[in-house]
Amino acid sequence: MKITILGCGGSAGVPMIGGQEGAETGIWGVCDPTDRRNYRLRSSIVIEHEGFRLLVDSGPDLRQQMLTNGLTHIDAVFYTHAHSDHIAGLDELRAINRVIGRPLPLLASADVLAELRQRFDYAFRPWEGGTFYRPSFDVQEVPNCGPIKIGPLEGHVFPQKHGWTTSLGLRFGSFAYCTDVESFPEESEALLQKVPLWVVGCFQREAHPSHGWLGRVMEWRERFQPERTILTHMGPDMDYGALCNDLPADVRPAWDGMVLKA
């Protein structure tokens with residue numbers, strides 16, 4: 001199984017819009033702008049297994065991410081939750097429709113599907129053949145907790161607390177993905193025990209009400225005992241070089257374009 005980190009930034013990316021008027025440097029926080037691994041687009045991954053590609057979330061940077069990573073198509077898309085930084089690139093998926101020549105399988109929970117239909121109503125009208133001038137989907141509702149099969153990928157989906165709302169985590173065999181999470185229900189924790197490769201959201205060093213932070217992620221590491229932990233959904237408080245110096249060897253920050261094997 002191959003996992004490509006398309007983006008590992010928070011909702012505003014790194015650098016964030018702002019800074020000195022007229023400047024193009026943006027707001028980097030403590031991140032070193034000369035280290036390209038600190039340049040972070042919004043969080044998304046592609047999982048590849050047996051020739052099948054699953055996109056997890058389509059944020060506003062999707063077009064750039066696909067082109068940068070040389071990806072010409074995907075076979076399905078899964079949504080962890082309906083926040084804008086994870087769904088705003090949905091319209092870009094019409095390009096995928098044109099490549100594959102059919103509606104794209106779209107998997108999400110009932111509440112996420114309801115939000116998507118409200119915000120992108122035009123994209124969920126039945127496809128009647130012809131040109132893909134808008135996205136078209138084969139919609140598949142998934143449970144909030146339970147087994148899941150997407151192409152050759154078989155595993156589990158599980159709930160996560162994300163501040164005042166929820167998100168979904170995924171585990172396929174030796175790999176688990178948990179973005180936008182600040183705590184786990186007991187049934188979810190059981191699915192994370194001793195996972196060989198875990199990509200988990202860690203927005204900043206200090207405590208946060210709706211995202212994992214460095215201290216909490218290290219607590220999870222002690223509790224779940226993953227073999228490798230990769231940090232994603234990072235904000236401007238998380239300099240790549242400083243994190244590598246501070247963290248144990250089995251915990252590393254992600255970077256856009258990072259490729260992992262599980």
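Everything discussed here concerns the structure shown above.
What you are looking at is a predicted structure, and each value in this text was computed from that prediction instead of being measured. (Residues numbered from 1 in each chain as written. Predicted model: local features only at pLDDT ≥ 70, side-chain atom pairs only at ≥ 80, totals over all residues. Heavy atoms only, no water.)

### Digging into the sheet that holds strand E2 (residues 44-49)
If you walk across this open sheet you meet the seven strands as E6-E5-E4-E3-E2-E1-E14, and the pairing is mixed. Each end of this open sheet is capped by a strand with a single partner; those strands are strand E6 (137-141) and strand E14 (259-261). Neighbouring strand axes in the sheet, compared pairwise and without regard to direction, differ in orientation by 25° on average. (Pairing = 2+ DSSP bridges. Helix = DSSP H or I, 4+ residues; strand = E, 2+ residues; numbered from the N terminus. Axes fitted to C-alpha atoms, helices over the stretch in contact; angles between N-to-C directions.)

### What to know about the pattern of salt bridges
Two side chains that carry opposite charge are able to pair once their charged atoms sit near each other. One pass over the structure, following the stated rule, counts 12 salt bridges. As a salt-bridge pair, Asp 35 and Arg 37 come within 3.1 Å of each other at their nearest N and O atoms. You can call Asp 35 buried: its relative accessible area is 15%. Classification of Arg 37 by relative accessible area gives partly exposed; the value is 36%. Of the charged contacts in the structure, one is a salt bridge between Glu 182 and Arg 216, with a shortest N-O distance of 3.5 Å. Here the residue Glu 182 occupies a position in the loop between strand E10 (175-178) and helix H5 (186-191), and Arg 216 occupies one in helix H6 (residues 214-224), the gap between them amounting to 34 residues. Glu 182 gets classed as buried once you look at its relative accessible area, which sits at 8%. (Salt bridge = Lys/Arg side-chain N within 4 Å of Asp/Glu carboxyl O. Buried < 20%, exposed > 50% of the residue type's maximum accessible area, 1.4 Å probe, protein only.)

### Considering the pairing of strand E1 (residues 2-7)
Along E1, five of the six residues are buried, which leaves the element largely enclosed by surrounding structure. In terms of strand pairing, E1 meets E14 through three bridges, oriented antiparallel. Looking at E14, one finds that Lys 2 is bridged to Lys 261. Bridge count between E1 and E2: five bridges; the pairing is antiparallel. Each residue of the ladder has a partner; that of Lys 2, found in E2, is Glu 48.

### Digging into the sheet that holds strand E7 (residues 146-150)
Strand order in the open sheet made by the seven strands is E7-E8-E9-E10-E11-E12-E13, with mixed pairing throughout. Unpaired on one side and paired on the other, E7 and strand E13 (251-253) mark the two borders of the sheet. Within the sheet, the average angular offset between the axes of one strand and its neighbour, ignoring direction, is 25°. Note: strand E8 (residues 153-162) against strand E9 (residues 165-172), seven bridges, orientation antiparallel. Paired with His 156 across the bridge in E9 is Arg 171. Packed on one face of the sheet, H6 meets strand E11 (197-201), strand E12 (228-232) and E13 and runs near 155° to E11. (Contact = heavy atoms within 4.5 Å.)

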